[in-house]
Amino acid sequence: MAKTWTGLESRVEYLRRLAIVFADELRLKIVTELYLREMSPAQFHAEFGGGSVSRVDHHFKRLVEHGWLRYVRTETGEGRRPGGPQHFYRAIDLPVFDKETWALVPYSMRVEISWTTFKQFAERVAEALRAKTLDARPNSHLSWTPVLLDEAGWERVSSAIDSFFESVLEEIADARLRVYRSGETPMLATVGLALFESPRPEAADLPRKTPVLVEGTKSPVPASRRVYRVFNDPISLQIVTEANLGETSAPTFHRQHEGGEDIKNIRRRFKTLEELGWLRKVGERTGGRRRSARERFYRATGPAIYDNESWTEVPDEVKPVYSWTTFVQLSDQVKRAIEVGTFEARLDNHLSWSLLRLDQIGWEKVAAEVDGLLATVLKEKDGAEDRLAESGEEPILATVALAAFESPRDAAKAP
């Protein structure tokens, strides 16, 4: 989503604000759920878990402190909710990266975050398949479409997807008001959107436009906390950025940034980033000014992509269905694009999934907008073909993925 550029300092500060949400997976769950409806810590715990009520309450307070949640009202212990008073909160907005902030994130981290986001969407697909809600409605949608675009076509498709994303968030608010007035039981729906450069068949023979990352490994540290540790520290962010450009070491980084942190603190950060899986040692050198000391060199890592991901654990009887086949093909396309470096080659790509609480009117509007968005993509494809034939511009092979389907009500418990 495009937002007004407000300067580098404010973008770095926004990354730190995002770090508050990413500090714990439970906070991500809280913000996501409370964007859909108001809840109290006790109510959230009863529905989603999260350890204990006191633990959930602690995270609520931290999110309020940093402006992610706002207080709405208090209910006493009378009537439907026996016990002490309960304070209810709503999320002010979602932890969304605008393009300017996304540009500050090192390439390797953008790829890792995108892959994690896709895995989360994949879990929603698998969950809906197991519960048989994915194709429960006639106007459900799950598709991916390869399209050949020129720059103008790409910009218009990107803008249309961003606009649709914003309209979905607006529809959440509209549906909430209608449900409040009508008393209708809302449904849960998942909407997924993606736009990225496709991997070309000849990609292996082409010079790479993106950094060459060393192979990553699965980290025992939760993905959200791995992101938090970097977003919350500009020096760590700079280390990872430079490790994307070429091999680097603590002494090298320290020399290039004289007057900054003590070398011991730089070494500590390198060690932490290696433990978190953002860096990987690629060699050691001795001699020269190092004398007998060993200088360790590091490169940024790419995401650990495995063929046997959790979403493949779906019942055998649903694997032949068209929607599952479509998703497996999309998954292969995403993996390949990440591996060859096209997925995050552009800062105006898009990848998001949203869990929505909608009434019937809201669902019909969202489903119709998805169909309209697909029609826009195909129209831009046709227009780009004509323009490319005249201009001789190098075409952009893009993948557009769209999804809108009912999700099971028993959403996964919080960590």
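Quick note: structure is the one above.
Residues numbered from 1 in each chain as written. Predicted model: local features only at pLDDT ≥ 70, side-chain atom pairs only at ≥ 80, totals over all residues. Heavy atoms only, no water.

1. As for the pattern of salt bridges
Cut-off, in case you're wondering: One side-chain nitrogen of Lys or Arg within 4 Å of one carboxyl oxygen of Asp or Glu is enough to make a salt bridge. Going along the chain from the N terminus, every DSSP run of H or I of four or more residues is numbered as a helix, and every run of E of two or more is numbered as a strand. The buried label goes to any residue with under 20% of its type's maximum accessible area, the exposed label to any with over 50%, and the partly exposed label to all in between, with areas taken from a 1.4 Å probe on protein chains only.
Applying the stated criterion to the full structure yields 31 salt bridges. For Glu-13, the salt bridge identified is with Arg-16, shortest N-O distance 3.6 Å. Linking Glu-13 with Arg-16, this pair stays in helix α1 (residues 8-22), spanning three residues, or about one helical turn. Taking the relative accessible area as the measure of exposure, Glu-13 reaches 46% and is therefore partly exposed. Residue classification places Arg-16 among the partly exposed positions, given a relative accessible area of 32%. Between Arg-357 and Glu-33 there is a salt bridge; the shortest N-O distance is 3.5 Å. Linking Arg-357 in strand β7 (residues 350-358) with Glu-33 in helix α2 (residues 25-36), this pair joins segments that are 324 residues apart in sequence. Each of the two residues, Arg-357 as well as Glu-33, counts as buried. One network of salt bridges, with partners in common, ties together Lys-29, Glu-33, Arg-37, Glu-47 and Arg-357.

2. Observations concerning the nonpolar core
Just so we agree on the cut-off: Nonpolar cores are built from buried Ala, Val, Leu, Ile, Met, Phe, Trp, Tyr and Cys residues. Side-chain atoms within 4.5 Å join them into one set. Contact between two residues is taken to exist if any of their heavy atoms lie within 4.5 Å; hydrogens are not considered.
Counting 108 residues, the largest nonpolar core has Leu-34, Phe-44, Phe-97 and Phe-231 as the members making the most contacts within it. Excluding its chain neighbours within four sequence positions, the residues that come into contact with Leu-34 are Met-39, Phe-44, Phe-60, Leu-69, Tyr-89, Arg-90 and Ala-91.

3. Things to note about the environment of Glu-242
Locating Glu-242 in the fold gives a position in helix α9 (residues 234-245). Sequence separation of Glu-242 and Arg-299 is 57 residues, and the distance between their C-alpha atoms is 8.6 Å. Residues in contact with Glu-242, not counting those within four places in the same chain, are Phe-253, Gln-256 and His-257.

4. Focus: the packing of aromatic side chains
The criterion, for reference: When the centres of two rings from Phe, Tyr and Trp lie within 6.5 Å, Trp using its six-membered ring, the rings pair. Their planes under 30 degrees apart give stacked, over 60 give edge-to-face, and anything left gives tilted.
Tallied over the full model, the rule gives 17 aromatic pairs. On the basis of an interplanar angle of 85° and a centroid distance of 6.1 Å, the ring pair of Phe-22 and Phe-231 is categorised as edge-to-face. One end of the pair, Phe-22, is in helix α1; the other, Phe-231, is in helix α8 (residues 223-231), with 209 residues separating them in the sequence. Residues Phe-22 and Phe-231 agree in their burial class; the two are buried. Ring geometry for Phe-44 versus Phe-48: centroids 5.1 Å apart, planes at 40°, classification tilted.

5. A word on empty space enclosed by the protein
The test is simple: Within this scheme a cavity is a closed region of a 1 Å grid, computed over the protein atoms alone, that accommodates a 1.4 Å probe without allowing it to escape, whereas a pocket is open but has protein on both sides within 12 Å along at least five of seven lines; lining residues each have an atom within 4 Å of a point. Grid points are joined across faces, edges and corners, and a volume is the space filled by probe spheres set on the points. Side-chain classes follow a simple rule in which Ala, Val, Leu, Ile, Met, Phe, Trp, Tyr, Cys and Pro form the nonpolar group, Asp, Glu, Lys and Arg form the charged group, and the remainder, Gly included, forms the polar group.
All told, the structure shown has one cavity of 30 Å³ or more when counted by the stated rule. Taken as a whole, the largest cavity encloses approximately 120 Å³ of empty space. In terms of lining residues, the largest cavity is bounded by 18 residues, among which Phe-121, Ala-194, Leu-330, Leu-351 and Ala-401 are the most central. Only α6 (107-131), β3 (141-149), β4 (187-197), α12 (322-340), β7 and β8 (396-406) provide two or more residues apiece to the lining of the largest cavity. For the lining of the largest cavity, the leading source of residues is β4, giving four residues. Residues of the lining of the largest cavity, tallied by class, amount to 14 nonpolar, four polar and no charged.

6. A look at the packing of α6 against α12
Stated precisely, the cut-off is as follows: To get an axis, fit a line to the C-alpha atoms, keeping to the stretch in contact for a helix; angles then go from 0 to 180 degrees between the N-to-C directions. Note on terminology: angles under 35 degrees are roughly parallel, angles over 145 are roughly antiparallel, angles of 65 to 115 are roughly perpendicular, and the others are oblique.
For the pair α6 and α12, interaxial distance at closest approach is 12 Å and the crossing angle is 170°. In terms of orientation, α6 lies roughly antiparallel with respect to α12. Counting all contacts with α6, which are made through Val-111, Trp-115, Phe-118, Phe-121, Ala-122, Val-125 and Leu-129, the residues of α12 involved are Trp-324, Phe-327, Leu-330, Ser-331, Val-334, Lys-335 and Ile-338.

7. Considering the environment of Arg-16
C-alpha of Arg-16 to C-alpha of Tyr-228: the two residues are 212 residues apart in sequence and 8.2 Å apart in space. Other than its neighbours up to four places away in sequence, Arg-16 contacts Phe-231, Asn-232 and Pro-234.

8. Some words on the sheet that holds β4
Going by this rule: Should DSSP find at least two bridges between two strands, the strands are taken to pair.
Pairing is antiparallel in the open sheet, where four strands are placed in the order β3-β8-β4-β7. Since the sheet does not close on itself, it has two edges, and those belong to β3 and β7, each with one partner. Between one strand axis and the next, the sheet turns by 10° as a mean value, whatever way the strands run. Bridge count between β4 and β8: nine bridges; the pairing is antiparallel. Pairing of Leu-195 across the sheet is with Val-400, part of β8. Running at roughly 40° to β7, α6 makes contact with β3, β4, β7 and β8 of the sheet.

Purely geometric numbers; function is a separate question.
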